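Reading the structure
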Amino acid sequence: MEKIMVVGAGQMGAGIAQVCAQAGFHVVLHDIDLARVEKGFDRIVENVRRQREKGKITEQDENTTLQNIEITTDLHKGKDRDLVIEAAIEKMDTKKQIFRQLDKITPKTTILATNTSSLPITELASATNRPEKVIGMHFMNPVPVMKLVEIIRGLATSDETYLTVKKITEQIGKVPVEVNDFPGFISNRVLMPMINEAVYALQEGVATKEAIDEIMKLGMNHPMGPLELADFIGLDTCLYIMEILHQGLGDDKYRPCPLLRKYVNAGWLGKKNGRGFYVYE
């Protein structure tokens, strides 16, 4: 297997394309308009340049990586791909639409993977005629740095598909960890309620945001405090995942904190737009 397509050239998609290209795969990076896909490619160029300047890769590595990436706005470029990794917006309708198209375009042997952080793989697979070839590959952000890839098996995902994806994950220098298809998988099922509880503690005046973060950093050895991490992830994303957990598991312990919802309604989404729990320049 040598040919990969990444659908969605945002921060996650660009990162996935980069690590695949660095591992020697030929990658087609796709997005719906040229400006988005060019922005994604520019991000990759910047990342590999920084790696070369730090002495982590050679100039030849840098050139080879960039030569391994082709950018496109045409989904039909997926017609010769062995693996497609979808990294589009976290909306089931959008993802299903992409998977329906890919199911028609790609050969029957092509594995269709999704980088979803919380949506059910089984439901997504139902939009295709190859549910046994559909799987979750949940990369962590930032992709070039983080080692984990959560591999999520849907109800129908075959052993062959799982083993192929596990092998590719190892080839791109990541560590695959197998998880079954439940809301939030493991990463977000454990992380998001912790963040949500930190927001409750802030709402109730148990401590300041700085104190909450400091306690989790110094006491639990977390590299970032939960509120700082929420800003980094995006408060809208945190709220969305909490809603999926609440809806999918039906337990009140997953109810999103009203303060989190209030911040999102105020447009305070975190680092990406300059204000969340903290203010950014």
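Thresholds, definitions, all that
Residues numbered from 1 in each chain as written. Predicted model: local features only at pLDDT ≥ 70, side-chain atom pairs only at ≥ 80, totals over all residues. Heavy atoms only, no water. Pairing = 2+ DSSP bridges. Helix = DSSP H or I, 4+ residues; strand = E, 2+ residues; numbered from the N terminus. Axes fitted to C-alpha atoms, helices over the stretch in contact; angles between N-to-C directions. Disulfide = S-S within 2.5 Å. Buried < 20%, exposed > 50% of the residue type's maximum accessible area, 1.4 Å probe, protein only. UniProt positions renumbered as here; feature names shortened; annotations may be inferred. Contact = heavy atoms within 4.5 Å. Polar contact = N/O pair within 3.5 Å; in protein donor to acceptor, adjacent residues only side chain to side chain. Core = buried A, V, L, I, M, F, W, Y, C linked by side-chain atoms within 4.5 Å. Lys, Arg positive; Asp, Glu negative; His and termini not counted. Salt bridge = Lys/Arg side-chain N within 4 Å of Asp/Glu carboxyl O.

**Re the sheet that holds strand β8 (residues 175-180)**
Spatial ordering of the open sheet is given by β3-β2-β1-β4-β5-β6-β7-β8, a layout of 8 strands whose pairing is mixed. Every interior strand has two partners, whereas the edge strands, β3 (69-72) and β8, have only one. Going from strand to strand, the sheet's axes swing by 25° on average, the running direction of each strand aside. As paired strands, strand β1 (residues 3-7) and strand β4 (residues 83-86) are joined by 4 bridges and run parallel to one another. Within the sheet, the bridge partner assigned to I4 lies in β4 and is L83.

**A word on the state of the cysteines**
As enumerated under the stated definition, the model contains 0 disulfides in all. Not engaged in a disulfide, the cysteine C238 finds its nearest cysteine sulfur in C257; these two sulfurs lie 12 Å apart. Residue classification places C257 among the buried positions, given a relative accessible area of 0%.

**Some points on the UniProt feature "site: Important for catalytic activity" (unreviewed entry) in the protein**
When the UniProt feature table is mapped to this numbering, "site: Important for catalytic activity" (unreviewed entry) covers H138. Mapped onto the elements of the fold, H138 is located in strand β6 (residues 134-139). Among residues more than four places away in sequence, those in contact with H138 are T114, N115, T116, S117, L148, V149, E150, I152, F185, S187 and N188. A polar contact is formed between the side chain of H138 and the side chain of E150, at a distance of 2.8 Å.

**Some details on the nonpolar core**
Ranked by size, the top nonpolar core spans 35 residues in total, and within it I85, M137 and F139 carry the most contacts. A per-element tally of this core places helix α1 (residues 11-22) first, with 7 residues. Once you skip the residues sitting within four places of it in the chain, F139 turns out to touch M12, I16, I85, N115, L148, V149 and I172. With 26 residues, the next largest nonpolar core counts I195, V199, Y200 and C257 among its residues.

**Considerations on the side chain of D181**
Along the chain, D181 turns up in the loop between β8 and α7 (187-203). One buried charged residue, D181, remains without a salt bridge, the closest side chain of opposite sign being R189 at 10 Å. From its side chain, D181 meets the backbone nitrogen of I121 in a polar contact 3.1 Å long. Beyond its immediate stretch of four places on either side in the chain, D181 contacts P120, I121, T122, I152, R153 and G154.

**Details of the UniProt feature "domain: 3-hydroxyacyl-CoA dehydrogenase NAD binding" (unreviewed entry) in the protein**
Annotation from UniProt places "domain: 3-hydroxyacyl-CoA dehydrogenase NAD binding" (unreviewed entry) at residues 3-181. The span residues 3-181 carries 41% helix and 22% strand; its end-to-end C-alpha distance comes to 26 Å.

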